[in-house]
Every structure is written in structure tokens, then in C-alpha cells.
Amino acid sequence: MIKLIKAEKTEFIYWDNFEYKINDNILVSEDATRYISSNELLNVCRPIFTKYYKKNVFMLDYLFWIDNIDIQCIDFKVENNTFRDIDFERSIKTYFLNNLKCFNCGKTYKGALSVDPVLVYPNNFELKEKKIKMINDENKIVTCQKCGNSFTSKVLYIFPDLVID
Ligand SMILES: [Zn+2]
């Protein structure tokens, strides 16, 4: 299922699968599917495409819910048009980080989801501020699992099965 929806006053294309193909019209920092299996990704996030300012260009982000919910419930609601803003309030756009390294202990993690502090919610600066406040206030930023040191980026999730020791 691929669907253009509007939630929290922002429009994006919601995918309930990771079968997209990257091309020149898609802006993405790192394609998560190159490093993590679809099954694992499906438990954690959803790919969403947001229209960029340039014509026919889309930004690919990974929508992550900070409450560890069953995202299939969201899929179902999107598919049936029964979703509401509240279903997305606890979500935030993230980008995929390959080879996240702790500068304190040197541990390297194969994959993580991180929040870009300038993350783009087009024409919705207020929402961006709200999302950043939410993760900061609720202390959702994770630290190194080995030594507890903070990462230089705002990491929200580390893919556990792919940790390299
Ligand atoms: Zn560390």
C-alpha cells in the first residue's frame, strides 16, 4: 500500500513496505534497505516520501514512533482512511545512519535511526519545533549501549541484531 496522506497538517506519501527503488528524484541520506532487512525495518519504522521544493523531487525519511507501538495498526488506519493526527503525534522523521560509531569507546553499530535537527516538515516549522521538543523533553535520545556516552547525532533507535563488537 502506497498512499498520499495528510497528518498534522503535513502531506507525505506513506508506504507500508520497503520495496521502493531509489532514483535521481529521491533525496535520501542513506538507504536503510541496503543494510537492514525489510522484516526488521517493518517492526521499527515506515518509509515516507515528502515533496521537496523542486518539482518531482521527493525526500525519503523513515517515520519512527517513539512509543514502541505496533505500526501495523497505523498501516490499517491509513489503508482505511481512519487515521487521525493523534496516530502520528508520537512519530518523528528520522534518517538512517550506517556505521554509527561511539567516539568514546569506539564501538560501531551497523545501523541506527537519527533525527536531523533541521528536519524538514515543509511549510510546518511549528511541527518541527514540536517534534524536537517532544524527544528532548521525554529523553528519547539513546546513548552508547556499551559505555553510555552520547552520540554526536540525536539517535533514537539502534538496530540490535546487527551490533558489531
Ligand atoms: Zn561507547
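Use the structure listed above.
Participant: Please clarify how the environment of asparagine 39 should be interpreted in this entry.
Facilitator: Relative to the assigned elements, asparagine 39 resides in helix α1 (residues 38-42). Judged by C-beta crowding, with 8 C-beta atoms within 10 Å, asparagine 39 ranks as exposed. In sequence terms asparagine 39 and tyrosine 157 are 118 residues apart; their C-alpha atoms lie 16 Å from each other.

Participant: In this structure, what is going on with the pairing of strand β2 (residues 10-15)? I would like to understand it.
Facilitator: Here six bridges tie strand β1 (residues 2-7) to β2, and the two strands are oriented antiparallel to one another. Considered in β2, the bridge of alanine 7 is made with threonine 10. Between β1 and β2, which pair antiparallel one after the other, the connecting turn spans two residues, and glutamate 8 there sits at a positive phi close to 50°. In this sheet, strand β4 (residues 45-51) lies alongside β2 in antiparallel orientation, the contact comprising two bridges. Opposite isoleucine 13, over in β4, you have phenylalanine 49 as the bridge partner.

Cut-offs used in this document
- Residues numbered from 1 in each chain as written.
- Predicted model: local features only at pLDDT ≥ 70, side-chain atom pairs only at ≥ 80, totals over all residues.
- Helix = DSSP H or I, 4+ residues; strand = E, 2+ residues; numbered from the N terminus.
- Buried ≥ 20, exposed ≤ 12 C-beta atoms within 10 Å, placed from the backbone.
- Pairing = 2+ DSSP bridges.

The quantities given are spatial measurements derived from coordinates; they are silent on function.
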